[in-house]
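# Structural characterization, general
Take a look at the letters that make up each chain.
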Protein chains: 2
Amino acid sequence: MVSGTCAIGIDLGGTKTAIGLVDGNGAVMRSLRRETNSGGGPSAVMDMIAGAVRELRKGAELNPVGIGVGVAGQIDAARGVVRFAPNLEWRNVSLGSALKEATGLPVAVTNDVRAAALGEWLFGAGKDCDDLLCVFVGTGIGGGIVAAGRMLGGCSNSAGEIGHITVDMKGPLCHCGKRGCLEALAGGWAIAQRAQDALILDPAGGAGLLGLAGGRVGNVTARLVAEAAHAGNSLAMKVMEEVAEALTAGAVSLVNALNPCRLILGGGVIQGAPELIGRIEEGVRYHALAAATESLKIMAASLGGDAGVVGAASLALQAFS
Amino acid sequence: MVSGTCAIGIDLGGTKTAIGLVDGNGAVMRSLRRETNSGGGPSAVMDMIAGAVRELRKGAELNPVGIGVGVAGQIDAARGVVRFAPNLEWRNVSLGSALKEATGLPVAVTNDVRAAALGEWLFGAGKDCDDLLCVFVGTGIGGGIVAAGRMLGGCSNSAGEIGHITVDMKGPLCHCGKRGCLEALAGGWAIAQRAQDALILDPAGGAGLLGLAGGRVGNVTARLVAEAAHAGNSLAMKVMEEVAEALTAGAVSLVNALNPCRLILGGGVIQGAPELIGRIEEGVRYHALAAATESLKIMAASLGGDAGVVGAASLALQAFS
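From a predicted model like this one, the values you see are computed outputs, not experimental measurements. (Residues numbered from 1 in each chain as written. Chains lettered and ligands numbered in written order. Predicted model: local features only at pLDDT ≥ 70, side-chain atom pairs only at ≥ 80, totals over all residues. Heavy atoms only, no water.)

Tallying secondary structure elements over chain A gives twelve helices and 13 strands in all. What you see for chain A is a C-alpha radius of gyration of 20 Å, in line with the 20 Å of a compact globule of 321 residues. Overall, chain A is about 60 × 45 × 35 Å in size when its C-alpha atoms are taken along their principal axes. Across the 321 residues that make up chain A, the buried fraction comes to 58%. By sequence separation, contacts in chain A at least 24 residues apart represent 60% of the contacts at least 6 residues apart. For chain A, the accessible area works out to roughly 12500 Å², and carbon and sulfur atoms hold 50% of it. Side-chain charges in chain A split into 25 positive and 28 negative, and the spacing between the mean points of these groups amounts to 5 Å. (Helix = DSSP H or I, 4+ residues; strand = E, 2+ residues; numbered from the N terminus. Rg over C-alpha atoms; globule rule 2.2 N^0.38 Å. Buried < 20%, exposed > 50% of the residue type's maximum accessible area, 1.4 Å probe, protein only. Contact = heavy atoms within 4.5 Å. Areas by Shrake-Rupley, 256 points an atom, 1.4 Å probe, with all protein chains shown as cover. Lys, Arg positive; Asp, Glu negative; His and termini not counted. Charge placed at Lys NZ, Arg CZ, Asp CG, Glu CD.)

The structure is reproduced here in structure tokens:
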């Protein structure tokens with residue numbers, strides 16, 4: 001990638017969209033945030049994006065080579081089609097061609113987590129590494145697998161759905177319908193749900209957490225559980241301990257199966273409870289096979305919330321430079 | 001790979017070694033089996049191999065381009081060194097250079113399961129497929145991951161250790177020291193152990209199985225458990241049901257994470273209980289993500305016991321043709 005070129009990266013979420021102008025070194029030169037009016041249907045969202053792209057380009061010194069978009073959903077990358085995006089309630093939306101028409105720029109479409117992993121790989125914690133695994137623990141859990149210098153796509157472009165590896169086959173039900181998925185034990189939604197369930201059984205043990213949630217069990221979020229754990233609340237600490245165990249089991253599985261050089265941990269849950277990284281590292285070093293960990297580094301993602309924008313833009317830089 | 005060329009493939013196990021002359025189409029032209037005298041140390045094993053190679057070449061029309069060896073253990077492929085092979089009790093044995101000296105042929109060394117996966121990929125059930133996963137369920141469980149047309153090696157050449165993904169984090173201890181590994185629930189050693197444990201608690205329910213084992217609990221093997229289950233023994237059927245559940249959980253994890261086009265199932269346990277393939281397929285279609293299974297085929301390995309020899313030879317054909 002040549003410095004002096006730039007591209008637009010878009011992280012299109014169900015409620016918010018981030019749009020950035022990113023240079024060939026992965027630096028975000030300028031960026032915007034917009035509400036995603038998913039209720040208005042694809043055309044409202046595309047109008048919003050086209051407007052933001054115009055605004056971003058105004059007065060920019062460099063002309064972007066193209067646009068990359070990361071969308072939370074199943075993507076047909078070859079055709080630029082969003083096959084299914086539950087948060088946006090989109091099915092078979094030709095995002096690539098519509099955005100190209102609206103902006104005059106070539107457009108590459110990918111999955112949002114894949115984009116974030118690409119960002120971390122090319123410009124973040126994964127820089128200069130050919131074999132790595134990015135695990136993003138947010139409301140859900142997803143990731144990206146880079147092997148022998150390539151981001152794995154899989155047979156139908158869904159590789160990296162590591163939130164749905166089974167770590168406890170007799171464990172709680174996941175949204176996907178299966179028992180004991182990593183996400184059902186350690187994703188943000190599961191953390192909130194487990195803490196809420198525990199609070200109903202033991203309000204006294206969770207008094208500190210309940211206080212942070214304004215006294216309403218339904219207000220408990222993963223972020224508040226982490227905060228309460230940091231403040232020493234026993235119920236929250238127990239939930240976070242179980243989260244650490246599940247994440248460790250998942251990380252060990254993936255490290256044993258894939259033998260990455262780096263395991264990169266990011267996402268909102270990790271950002272809110274960064275001590276999880278040390279716990280996971282300790283567990284992986286102890287429990288994974290010696291051969292699989294001898295060259296392994298475990299580290300925090302370094303691009304934070306920008307990973308999606310940077311990764312989406314880098315896709316456009318790769319495709320259109 | 002050109003027809004008309006051939007290579008020697010060796011599947012070096014702790015008790016037995018298979019050696020074959022394999023042509024450029026993956027066909028075994030002639031083969032030998034030898035006892036592995038692992039008690040005699042590396043030099044005894046290498047003498048045996050060199051002798052077998054001489055015998056194999058006698059009267060062969062084609063001159064092999066080289067030798068490929070698959071060894072159960074950790075391999076430094078670049079240097080041709082067996083770093084650790086527990087069944088052979090080898091540590092840091094320079095197998096490649098020693099065999100080259102003894103035979104005059106160039107030698108490539110790899111892990112035995114990796115070799116078998118390579119064989120299935122190039123000449124067996126994985127032919128003409130660029131994204132696949134081979135799972136071999138034998139005494140242990142291992143596999144090979146092919147993504148975007150490459151066999152994954154990982155950072156320190158240990159990728160594919162799928163027997164040690166966690167499927168039941170509160171489950172039984174594995175030989176590796178971790179709880180609930182796929183292998184600890186569904187590997188041959190675990191099947192035997194679970195059946196033996198169950199027999200001690202319920203000799204009446206396992207009478208049919210105990211009969212097959214000559215009345216001795218300690219003689220129960222995974223093969224006998226499968227036979228007894230086929231004959232309708234309730235205890236054995238229950239054990240095999242749990243094995244199917246564990247294999248399904250593991251297969252779902254790997255299909256979700258890697259999104260292969262083909263899931264290829266082989267190894268002694270699958271050969272002894274081929275009905276497991278249908279059970280796993282049913283479970284994967286039901287429990288894995290729709291996006292991950294829409295293009296997935298699940299099938300039996302097709303090379304049987306020859307996969308290791310064919311794969312090792314194909315490594316030599318690739319490297320030295």
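On to the packing of aromatic side chains. For the coordinates displayed, the defined rule picks out zero aromatic pairs over all chains. We note R91(A) situated over the ring of F84(A); from NZ or CZ to the ring centre the distance is 4.0 Å. (Phe/Tyr/Trp six-rings, centres within 6.5 Å; stacked < 30°, edge-to-face > 60°. Lys NZ or Arg CZ within 6 Å of the ring centre and 35° of its normal.)

Our next topic: the interface of chain B and chain A. With 46 residues of chain B in contact, the opposing surface of chain A contributes 46 residues. Between chain B and chain A, a total of about 3600 Å² is buried, with carbon and sulfur atoms accounting for 57% of that surface. Of all residues in chain B, C155(B), M169(B) and N259(B) give up the largest surface area on contact with chain A, accounting jointly for 16% of the area buried on that side. Counting the contacts that link chain B with chain A gives four salt bridges. (Buried area = accessible area lost by both parts, 1.4 Å probe. Salt bridge = Lys/Arg side-chain N within 4 Å of Asp/Glu carboxyl O.)

Residues and elements named next belong to chain B. Reading across the sheet, the three strands line up as 5-6-7 and stay open at both edges, with antiparallel pairing between neighbours. Across the chains shown, the open sheet's two edge strands, defined by having one partner strand only, are strand 5 (74-76) and strand 7 (90-93). On average, each strand axis in the sheet is tilted by 15° relative to the strand beside it, whichever way the strands run. (Pairing = 2+ DSSP bridges. Axes fitted to C-alpha atoms, helices over the stretch in contact; angles between N-to-C directions.)

Residue and element names in this part refer to chain A. Taken residue by residue, helix 2 (residues 95-103) has L95, G96, L99 and T103 as its buried positions. Looking straight down helix 2, one finds its buried side chains confined to an arc of 95°; they lie on one side. Check the buried side of helix 2 and you find it contacts strand 1 (6-12), helix 1 (41-57), strand 4 (67-71), strand 6 (81-85), strand 7 (90-93) and strand 8 (107-111). At the exit of helix 2 stands G104, carrying a positive phi of roughly 75°. (Arc of directions from axis to C-beta.)

Take the relation of the copies chain B and chain A next. Overlaying chain B on chain A yields an RMSD of 0.0 Å, the required transformation being a rotation through 180° with an accompanying axial translation of 0.0 Å. One copy is carried onto the other by what is essentially a two-fold rotation axis. Both copies present the same face, since 100% of the interface residues in chain B are matched by interface residues at the equivalent positions in chain A. (Least-squares fit on C-alpha atoms with pLDDT ≥ 70 in both.)

Here the focus is the sheet that holds strand 1 (residues 6-12) of chain B. All names here are of chain B. Strand order in the open sheet formed by five strands is 3-2-1-4-8, and the pairing between neighbours is mixed. Of all strands in the sheet, those with a lone pairing partner are strand 3 (28-35) and strand 8 (107-111), marking the two edges. The mean inter-strand angle of the sheet, taken between neighbouring strand axes irrespective of direction, is 15°. With five bridges connecting them, strand 1 and strand 4 (residues 67-71) associate as parallel partners. Pairing of D11 across the sheet is with G70, part of strand 4. Across the sheet, helix 3 (residues 112-123) touches strand 1, strand 4 and strand 8, and the angle it forms with strand 8 is around 100°.

Attention now goes to the side chain of K178(B). For K178(B), the location among the structural elements is in the loop between strand 11 (150-151) and helix 4 (182-186). Although K178(B) is buried, it forms no salt bridge, and the closest oppositely charged side chain is E183(B) at an N-O distance of 10 Å. At 2.6 Å, the side chain of K178(B) and the side chain of T166(B) are in polar contact. The contacts of K178(B), once residues within four sequence positions are left out, are V252(A), N256(A), H287(A), H164(B), I165(B), T166(B), P172(B) and L173(B). (Polar contact = N/O pair within 3.5 Å; in protein donor to acceptor, adjacent residues only side chain to side chain.)

The final tally for this structure, using the stated rule, is two disulfides over all chains. Here C155(A) is linked by a disulfide to C261(B), with a sulfur-sulfur distance of 2.0 Å. One disulfide, between C155(A) and C261(B), carries an S-S torsion of 105° and so falls in the right-handed class. Of the two residues, C155(A) is situated in the loop between strand 11 (150-151) and helix 4 (182-186) and C261(B) in the loop between helix 8 (234-258) and strand 12 (262-266); the pairing between them involves two chains. Distance from the sulfur of C134(B), which forms no disulfide, to the nearest cysteine sulfur (C129(B)) is 9.4 Å. On the accessibility criterion, C134(B) (1% relative accessible area) is buried. (Disulfide = S-S within 2.5 Å.)

Our next topic: the packing of helix 3 of chain B against helix 12 (residues 307-320) of chain B. Residues and elements named next belong to chain B. Closest axis-to-axis distance for the helix 3/helix 12 pair is 6 Å, and the angle between their directions is 80°. By the angle between their directions, the pair helix 3 and helix 12 is classed as roughly perpendicular. In this structure, helix 3 uses A115, A116, L118, G119, E120, L122 and F123 to contact helix 12, whose residues at the interface are A307, G308, V310, G311, A312, S314, L315 and Q318. In terms of residue class, the contact of helix 3 with helix 12 is made up of nine nonpolar, five polar and one charged. (Parallel < 35°, antiparallel > 145°, perpendicular 65-115°, else oblique. Nonpolar A, V, L, I, M, F, W, Y, C, P; charged D, E, K, R; others polar.)

Residues and elements named next belong to chain A. Tallying each qualifying case throughout the model produces 16 salt bridges over all chains. Here R285 ties to E281 by a salt bridge, and the two come within 2.9 Å at their closest N and O atoms. Here the residue R285 and the residue E281 both occupy positions in helix 10 (residues 275-287), the gap between them amounting to four residues, near one helical turn. Each of R194, K238 and E242 takes part in a single network of salt bridges with overlapping partners.

This part takes up the pairing of strand 10 (residues 141-147) of chain B. Residues and elements named next belong to chain B. Judged by how many residues are buried, strand 10 sits mostly within the fold: seven of seven residues are covered. Side chains I141, G143, I145 and A147 of strand 10 all project onto a buried face; the interleaved residues G142, G144 and V146 project onto the opposite face, where all are buried too. The hairpin formed by strand 9 (residues 132-137) and strand 10 contains three residues between the paired strands. Across two bridges, the pairing between strand 10 and strand 11 is antiparallel. Note on strand 11: the bridge partner recorded for V146 is M151. Where strand 10 folds back onto strand 11 in an antiparallel hairpin, the turn is made up of two residues, including A148, whose phi is positive at roughly 50°.

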